[in-house]
Amino acid sequence: MKTSIKNGLFAFYLVFAVLLVSPLALAAADLEINTPAISALQSSMQSRHGQLAAYYSNGAVGLTRDGLIAVHDATVVPLAQRQSVNSLVAAENNDRNALYKEIASANGHPEWEAEVRNTFAQRWVQKAQGGWWYQGASGWAKK
Amino acid sequence: MQRWIRQLPAALGLSAILVLPACVTINVYFPAADAEKAADKIIDEVWQLKNKPSSQDAPAQAPASVPAK
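Residues numbered from 1 in each chain as written. Chains lettered and ligands numbered in written order. Predicted model: local features only at pLDDT ≥ 70, side-chain atom pairs only at ≥ 80, totals over all residues.

Looking at the interface of chain B and chain A
Chain B puts 27 residues into the contact, and the matching count from chain A is 29 residues. Across the side of chain B that touches chain A, the residue classes break down as 18 nonpolar, 3 polar and 6 charged. (Contact = placed C-beta atoms within 7 Å. Nonpolar A, V, L, I, M, F, W, Y, C, P; charged D, E, K, R; others polar.)

Here we look at the pairing of strand S3 (residues 133–136) of chain A
Residue and element names in this part refer to chain A. Of the pairings in the sheet, the one linking strand S1 (residues 61–63) to S3 comprises 2 bridges and is parallel in character. The residue bridging leucine 63 from the neighbouring strand is tyrosine 134, located in S3. Sheet analysis places S3 next to strand S4 (residues 139–142), joined by 4 bridges and oriented antiparallel. Pairing of tryptophan 133 across the sheet is with lysine 142, part of S4. (Pairing = 2+ DSSP bridges. Helix = DSSP H or I, 4+ residues; strand = E, 2+ residues; numbered from the N terminus.)

Structural notes on the confidence of the model for chain B
All names here are of chain B. Scored by pLDDT, chain B comes out at a mean of 73, with 61% of its residues at no less than 70. Looking over chain B, one finds the lowest element-wise mean pLDDT in helix H3 (residues 57–68), namely 46, and the highest in helix H2 (residues 32–46), namely 95. Between residues 54–66, whose pLDDT stays under 50, and residues either more than four places distant or in other chains, the model counts 0 contacts. Model confidence for the complex: the whole-complex pTM is 0.69, and ipTM, which rates the interface, is 0.80. (pLDDT = per-residue confidence, 0-100.)

What about the packing of helix H4 (residues 113–127) of chain A against H2(B)?
The N-to-C vectors of H4(A) and H2(B) enclose an angle of 50 degrees; their axes lie 9 Å apart at closest approach. If you check the angle between H4(A) and H2(B), you find them oblique. Crossing hand, H4(A) versus H2(B): right-handed. Between H4(A), through A:Glu115, A:Val116, A:Thr119, A:Phe120, A:Arg123, A:Trp124 and A:Lys127, and H2(B), the contact on the second element is made entirely by B:Ala32, B:Ala35, B:Glu36, B:Ala39, B:Asp40 and B:Ile43. Of the residues contributing to the contact of H4(A) with H2(B), the split by class is 7 nonpolar, 1 polar and 5 charged. (Axes fitted to C-alpha atoms, helices over the stretch in contact; angles between N-to-C directions. Parallel < 35°, antiparallel > 145°, perpendicular 65-115°, else oblique. Left-handed = near helix turned anticlockwise from the far one by under 90°.)

Observations regarding the environment of A:Asn93
By secondary structure assignment, the location of A:Asn93 is in helix H3 (residues 79–106). Those residues in contact with A:Asn93 that lie beyond four places of it in its chain are A:Leu68 and A:Ile69.

Focus: the sheet that holds S1(A)
All names here are of chain A. If you trace the 4 strands from one edge of the open sheet to the other, you get S2-S1-S3-S4, paired in mixed fashion. Across the chains shown, the open sheet's two edge strands, defined by having one partner strand only, are strand S2 (69–71) and S4. Averaged over all pairs of adjacent strands, the angle between strand axes in this sheet comes to 40 degrees, irrespective of strand direction. Sheet analysis places S1 next to S2, joined by 3 bridges and oriented antiparallel. Pairing of leucine 63 across the sheet is with isoleucine 69, part of S2. Along the sheet face, H3 touches S1 and S2 and points at about 165 degrees away from the line of S2.

Shown next, in the form of structure tokens:
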């Protein structure tokens, strides 16, 4: 009887050891970001940044908490250019939404989209230049 | 009491069977650190943040790769 208890405990420890090791194996895997779709979105956003950079700097556009961008202060933009700023913001947000979705699904976990978005939201703000506007926990703030 | 002890291994085995799939599900967690690295890579590219320090490498690599093709 003692041996059967020992066997049971041994099996239990074995299962426990497997459980301890398996997260390490999963953690070693890198996140896949080298798909054609992600590269396309990336270069589209990169070329758009040439136009957006000035609007980040003068505060017309800021970074939102959900990993997108928004018009922060339209008054610094001449009236004639406001529509183009709106279009830039909309196009950028389309790309960003697609990017988060694409990264999640490229890694086989579409349900990760929200977490990918959160990660990006933090990193965009972290890497933003001084003077750019971003949405913090208590509204707009200047970096 | 003795019957209970005799059933203990079976109970442990059964609980392991029940617990294992749950743990495997939990282990498919979101790799936050990897995601951060991936995000940084993409942001550096989009905002061209890494171009300034590596601008010396870029011209050196570009001509080298052109004759190779």
